[in-house]
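So you can see what is in the structure, the chains are spelled out below.
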Amino acid sequence: MALPVAPVPHALPGSGAALIASDTRHEMTTSKPVLSLRGMTKRFGSVVAADHIDLELARGEVLALLGENGAGKTTLMNMLFGQYTADAGSVHVWHEDGAEIILPPGQPQAAIEARIGMVHQHFTLAENLSVIDNILLGTERLLHLNRNRRAARAKLEALMIHSGLEAPLDRKVRDLSVGERQRVEILKALYRDVRILVLDEPTAVLTPQEADTLFASVRSMVENGLSVIFISHKLREVLAFSDRIAVLRHGKKTGEMRTAEADTASIIRMMIGEEHDMPERTPGMPGDTVVRLDSVSVHPERETRGLRDVTLDLRRGEIVGIAGVSGNGQSALAQILSGLLAPDSGRIEVGGESLAALNPRTALAHGIGRIPEDRHHDGIIAALSVAENLVIERLDDADVQRGGFLRRASMAANAEALSEAYDVRGPGIHARSALLSGGNIQKLILARVLETHPSVILANQPTRGLDFRAAAEVSRRLIAARDRGAGIILISEDLDEVLSLADRVLVMHAGELVETDSRERASIGQLMAGHAA
Amino acid sequence: MIEIVPREQPSRRLTAGVPLLAAIGSLLLAAIPLAFAGAPIIEAYGQMFTGVFGSLFSFTEMLTRATPLIFTGLAAAVAFRAKLWNIGGEGQLYLGAMAAVWVGSGMIEGPPILMVPLVLLAGAIAGGLGMLGPAVLKTRFGADEVVTSLLLNFIILIFVQMMLEGPLKDPMSLGWPQSEPIIDEAVLPQLIAKMRVHAGFLLAIGTAVVAHVIMAMTVWGLRIRAVGENAAAARHAGMPVKRIFLAVAFASGALAGIAGVSEVAGLKGYLTTDLSPGFGYTGIVVAMLAGLSPLGVVAAALFIASVFVGTDSMSRTMGVSSFLADLTVSMSLICVLLGGFFARFQIRRVRTEGAA
């Protein structure tokens, strides 16, 4: 079972550069299948995560896989890729010569050899290695002295030009932003000359222009025979980009249609079984300033891109949306407001006080509630219970402890009440928070932040990776908090989200923050790319 | 096809049962080296049992042996909970013992009510400082505390040797490198007449209970667990991560230091460089066997002390090497690690429809 990963043969026909020759015309997808999943079933205990799902993928087709969190999309893809062993069902792959093979279950090696590539939602990169090392990892023989880096580099550079996905090949992955890491993930798959590419939420961290470039390049690769399964929550993309849509719900396939015949309402009905209800944004009523950043700068070497002379006024009762591609200074801004990073220069005015820097304690004391970007890493302590995680930011409060002893009963009551109010679902308040799904973890964090009635809320990518229902719930809560008088800074790479929630829109690029009156995707996209509108 | 699946929620019965099974498993595995040594196995086990439970003396000997192991086990358990890898228990034990003889061999005189707490405090501070060093190096420069605390053991042992040849040497010792004896007022009293088990054992039990209460019921315990499980999130939540880390380091070192005090003021009466046959290291096994639970440490220390004392007595009567004890203790650790794996993961055969 533990076979060494065989090198991907470089001399296979249709290597990356050849695949994306751009002079071919768009053809209609052929009906010749490359992949067929039949009766795929996976149970986890009593939960049926995938229930006899059939899925066909034709050569040169883009299939969008839609579904809420927990619908079984990732489970299905993990079975395809051999990371899970299916309880039932089989995976059939057809080679270019028409030969059919059945992938042995539970063997990623077989999927790799069948040239199936997967770009995971959660990155699978080695932080301490350079970009090029990460990409080549597993494609080289273990004991091979002549690494032939030059050829690999040339191939990668050609790939980068053709796909429009730029990544600094010699930088360490740990120095890259989230967006850059995602690009490396996609390049990693493309480098392996895949025939079937699975993209799990690929555009979550790209600008609209970059996303369009990605679609264009994937489209041209598709025309040359690549087949793509594309998991996304962004309906606009799904409708614009896919040839066919398959919808999963509660582990079952609930619908399948040609994209040309689909419309938003019908897809959402299949996904959640009811009409989609996005929260309506009413105009805010801004009051006094609650936070002011005054010419705040951070050197780019201290935090990705740093900040250049950023001035920002946040008033009570408004949502300030910060759009931009990740890695343009958002993390520096978020860390300053969270109290994790001290700026090199500039002042932070909060609650009538002018400070050089915050720390997490003073940030909390000044009524700044923080919804961190990486909820698993910064937001919760997975091994602690739900009840404990709900109070970790206010352990000194009288209802949490008395004389240093935890008031378990009071904590449990608090947890029961908040779980109810915020609809946090899981095995119970005393269970480890690790057992909650991503959406429920976010609701837990939201409950913790909002119950203290903060005057300022930093919401950093608050709906990333959440399904419609959970994302809409988060949006509704943020708008409600705004209406109660909180000032909210919403950092999001999802421009649609910024446009739908924010009272004011600012764009971050290369560490600078620019305000825009525009509500047009195209002109904001220009700003995100660093061009004056 | 075999599949390894993580259990969603490891059951309580399983988590508690694993160390017990591991203990039994390691004892059973001891039959293999026993057979190689050519000893009659059933009889050997009998000797091992009577070596511990055969008489009041042997039983109290086991308790005496368990005493330092409870302290060093707690030292490791508390530190490991915060993901502070204190491998320097042995050195901290000697630092504690040295502080105890320094303060307690006549430098200060007073009634027992004063002297006993004083030597304990001196030992705790010395041991605590001994771990604070590696912890500061870790928080300031990122130096790996596994390496620094481990290497510090050898430095401390040589330092103790130097002190016993020099300033701390007893002029009445006829040239032996040993310290002056602890004065009577500073000695931990015997619990049972003519038996060696001393008040240090009760102190160890009490300390384990206090440690359990702190870890499970207080804000401090929650903070320590939070820092150990996810330091980034703990920092984000406003906890003073470095301070917690340093406090845990000091507490861990102090516990190991008290192990040294207890040995020197409860058992030996004076300090030599063979005070501890590796109690600091065995404490790590104790802590792992206990699943880092302070109350579990007491049970694990009693088990390991029983193995040592029982095997000692068995090896004397049966003529088997006493290294068998070390072997059994090591096997128990391996069994626990393996058992922990089975507690967290499910292994099952799966049959796949349509598999080639």
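Computed from a predicted structure; not experimentally measured.

Quick look at the overall build of chain B
Here's step 1: For chain B, the helix and strand inventory stands at 14 helices and two strands.
Here's step 2: In terms of overall size, chain B behaves like a compact globule, its C-alpha atoms giving a radius of gyration of 22 Å where 356 residues would be expected to give roughly 21 Å.
Here's step 3: By principal-axis analysis of the C-alpha atoms, chain B measures approximately 85 × 60 × 35 Å.
Here's step 4: Per-residue burial for chain B yields a buried fraction of 53% across its 356 residues.

Digging into the side chain of Ser-276 of chain B
All names here are of chain B.
Here's step 1: Mapped onto the fold, Ser-276 is located in the loop between α11 (241-268) and α12 (279-289).
Here's step 2: Of the residues examined, Ser-276 reaches a relative accessible area of 9% and is grouped as buried.
Here's step 3: A distance of 2.9 Å separates polar atoms of two side chains, one belonging to Ser-276 and the other to Glu-90.
Here's step 4: Non-local contacts of Ser-276, meaning those with residues more than four positions away in its chain, are made with Glu-90, Leu-93 and Tyr-94.

Examining the sheet that holds strand β15 (residues 353-355) of chain A
Residues and elements named next belong to chain A.
Here's step 1: With antiparallel pairing, the four strands of this open sheet are ordered in space as β12-β11-β14-β15. The outermost strands of the open sheet, each flanked by one partner alone, are β12 (307-315) and β15. Taking each pair of neighbouring strands and ignoring which way they run, the sheet shows an average axis angle of 15°.
Here's step 2: Note: strand β11 (residues 289-298) against β12, six bridges, orientation antiparallel. Opposite Val-291, over in β12, you have Leu-314 as the bridge partner.
Here's step 3: Contacting β11, β12 and β14 (345-350), helix α10 (residues 330-338) runs over the sheet at an angle of about 125° to β11.

Regarding α11 of chain B
All names here are of chain B.
Here's step 1: The first and last C-alpha atoms of α11 sit 39 Å apart over 28 residues, in line with the 40 Å expected at 1.5 Å per residue.
Here's step 2: A large share of α11 lies buried, amounting to 20 of its 28 residues.
Here's step 3: Positive phi appears at Gly-269, one or two residues downstream of α11, with a value of about 90°.

A short note on the pattern of salt bridges
Residue and element names in this part refer to chain A.
Here's step 1: A full pass over the atoms with the stated rule returns 37 salt bridges over all chains.
Here's step 2: A salt bridge links Lys-188 to Glu-185; the nearest nitrogen and oxygen atoms lie 3.7 Å apart. Of this pair, Lys-188 and Glu-185 are both found in helix α6 (residues 178-191), three residues apart, which corresponds to roughly one turn of the helix.
Here's step 3: The exposure class assigned to Lys-188 is buried, which follows from its relative accessible area of 15%.
Here's step 4: Here Glu-185 falls in the buried class, since its relative accessible area comes to 2%.
Here's step 5: Of the charged contacts, one joins Arg-394 and Asp-399 as a salt bridge, the two residues approaching to 3.0 Å between their closest N and O atoms.
Here's step 6: Linked by salt bridges that have partners in common, Glu-61, Arg-244, Lys-253 and Glu-256 make up one network.

Observations concerning the interface of chain A and chain B
Where interface size is given, it is often the accessible area lost as the parts come together that is meant.
Here's step 1: Each partner contributes to the interface: chain A provides 40 residues, whereas chain B provides 33 residues.
Here's step 2: Roughly 3000 Å² of surface becomes buried between chain A and chain B when both sides are summed, with 58% attributable to carbon and sulfur atoms.
Here's step 3: Put simply, chain A and chain B have two salt bridges between them.
Here's step 4: For the salt bridge of Arg-223 of chain B with Asp-396 of chain A, the shortest nitrogen-to-oxygen distance reads 3.4 Å.
Here's step 5: The interface formed by chain A and chain B holds 11 residue pairs in polar contact (both at pLDDT 80 or more) in total.
Here's step 6: Secondary structure elements with two or more residues in the side of chain A that touches chain B: β1 (33-44), β4 (88-94), α11 (360-365), α12 (375-379) and β18 (405-406) of chain A.
Here's step 7: Top contributing element to the side of chain A that touches chain B by residue count: α12 of chain A, with four residues.

A short note on the environment of Phe-303 of chain B
Here's step 1: Mapped onto the elements of the fold, Phe-303 of chain B is located in helix α13 (residues 294-318).
Here's step 2: Residue contacts for Phe-303 of chain B: discarding those within four places in its chain leaves Ala-23, Ser-26, Leu-27, Leu-289 and Ser-332 of chain B.

Notes on the packing of aromatic side chains
Here's step 1: All chains considered together, the criterion is met by six aromatic pairs over all chains.
Here's step 2: With a centroid separation of 4.9 Å and 85° between ring planes, the pair formed by Phe-230 of chain A and Phe-241 of chain A is classed as edge-to-face. In this pair, Phe-230 of chain A is assigned in strand β8 (residues 227-231) and Phe-241 of chain A in helix α8 (residues 235-241), connecting sequence segments 11 residues apart.
Here's step 3: The exposure class assigned to Phe-241 of chain A is buried, which follows from its relative accessible area of 3%.
Here's step 4: Members of the aromatic cluster, joined through ring pairs, are Phe-215, Phe-230 and Phe-241 of chain A.
Here's step 5: Sitting over the face of the ring of Trp-220 of chain B, Arg-223 of chain B holds its NZ or CZ atom 6.0 Å from the ring centroid.

Overview of the sheet that holds strand β10 (residues 252-258) of chain A
All names here are of chain A.
Here's step 1: Taken together, the six strands give an open sheet; going across it, the order is β6-β7-β8-β3-β9-β10, and neighbouring strands pair in mixed fashion. What marks the edges here is a single partner per strand, and that holds for β6 (116-119) and β10. Here the strands of the sheet are splayed against their neighbours by 15° on average, with no regard to which way each runs.
Here's step 2: Pairing geometry for strand β7 (residues 196-200) and β8, over five bridges, is parallel. Of the residues in β8, the one forming a bridge with Asp-200 is Ile-231.

Considering the pairing of strand β22 (residues 512-516) of chain A
Every regular strand shows the same layout, with side chains that alternate between the two sheet faces.
All names here are of chain A.
Here's step 1: The pairing of strand β21 (residues 504-509) with β22 spans five bridges and is classified as antiparallel. The residue of β22 that forms the bridge with His-509 is Glu-512.
Here's step 2: Between β21 and β22, which pair antiparallel and follow one another directly, the connecting turn spans two residues, one of which, Ala-510, has a positive phi of 50°.

So, the pairing of β6 of chain A
Residues and elements named next belong to chain A.
Here's step 1: Burial of β6 is two-sided: the residues Ile-116 and Met-118 facing one way and the residues Gly-117 and Val-119 facing the other way are all buried.
Here's step 2: Judged from the four bridges that link them, β6 and β7 form a sheet pairing that is parallel. Within the sheet, the bridge partner assigned to Met-118 lies in β7 and is Val-198.

With respect to the environment of Ile-132 of chain A
Residue and element names in this part refer to chain A.
Here's step 1: As for its position among the elements, Ile-132 is in helix α4 (residues 131-136).
Here's step 2: Spatially, the C-alpha atoms of Ile-132 and Leu-169 are 5.0 Å apart, while their sequence positions differ by 37 residues.
Here's step 3: Filtering out sequence-adjacent residues up to four positions away, Ile-132 remains in contact with Arg-149, Arg-153, Leu-156, Leu-169 and Asp-170.

Regarding the packing of α12 of chain B against helix α14 (residues 323-344) of chain B
Residue and element names in this part refer to chain B.
Here's step 1: Contact geometry for α12 and α14: axes closest at 10 Å, N-to-C directions at 35°. As for how α12 packs across α14, the hand of that crossing is left-handed. The residues of α14 that touch α12, namely those facing Val-285, Met-288 and Leu-289, are Val-329, Ser-332, Leu-333, Val-336 and Leu-337.
Here's step 2: Counted by class, the contact of α12 with α14 contains seven nonpolar, one polar and no charged residues.

Some remarks on unusual backbone geometry
All names here are of chain A.
Here's step 1: Phi at Asp-193 is positive, roughly 55°, even though this residue is not glycine.
Here's step 2: The residue Asp-193 is located in the loop between α6 and β7 in this model.
Here's step 3: Within the chain, His-453 stands out as a residue other than glycine whose phi angle is a positive 50°.
Here's step 4: Tracing the chain through its elements places His-453 in the loop between α15 (438-450) and β19 (456-460).

Description of α13 of chain B
One full turn of an α-helix is made of 3.6 residues, so residues set three or four places apart face in the same direction.
Here's step 1: The end-to-end C-alpha distance of α13 of chain B is 35 Å, a good match for the 36 Å that 25 residues give at a rise of 1.5 Å each.
Here's step 2: The buried fraction of α13 of chain B amounts to 19 of the 25 residues, a majority that puts the element mostly inside the structure.

A closer look at the confidence of the model for chain A
Here's step 1: When the pLDDT values of chain A are averaged, the result is 83; 88% of them are 70 or greater.
Here's step 2: Every residue in residues 1-30 of chain A scores below 50 in pLDDT, and together they form 52 contacts with partners more than four places removed in sequence or on other chains.

The rules behind each value
- Residues numbered from 1 in each chain as written.
- Chains lettered and ligands numbered in written order.
- Predicted model: local features only at pLDDT ≥ 70, side-chain atom pairs only at ≥ 80, totals over all residues.
- Heavy atoms only, no water.
- Helix = DSSP H or I, 4+ residues; strand = E, 2+ residues; numbered from the N terminus.
- Rg over C-alpha atoms; globule rule 2.2 N^0.38 Å.
- Buried < 20%, exposed > 50% of the residue type's maximum accessible area, 1.4 Å probe, protein only.
- Polar contact = N/O pair within 3.5 Å; in protein donor to acceptor, adjacent residues only side chain to side chain.
- Contact = heavy atoms within 4.5 Å.
- Pairing = 2+ DSSP bridges.
- Axes fitted to C-alpha atoms, helices over the stretch in contact; angles between N-to-C directions.
- Expected span 1.5 Å × (residues − 1).
- Salt bridge = Lys/Arg side-chain N within 4 Å of Asp/Glu carboxyl O.
- Buried area = accessible area lost by both parts, 1.4 Å probe.
- Phe/Tyr/Trp six-rings, centres within 6.5 Å; stacked < 30°, edge-to-face > 60°.
- Lys NZ or Arg CZ within 6 Å of the ring centre and 35° of its normal.
- Left-handed = near helix turned anticlockwise from the far one by under 90°.
- Nonpolar A, V, L, I, M, F, W, Y, C, P; charged D, E, K, R; others polar.
- pLDDT = per-residue confidence, 0-100.

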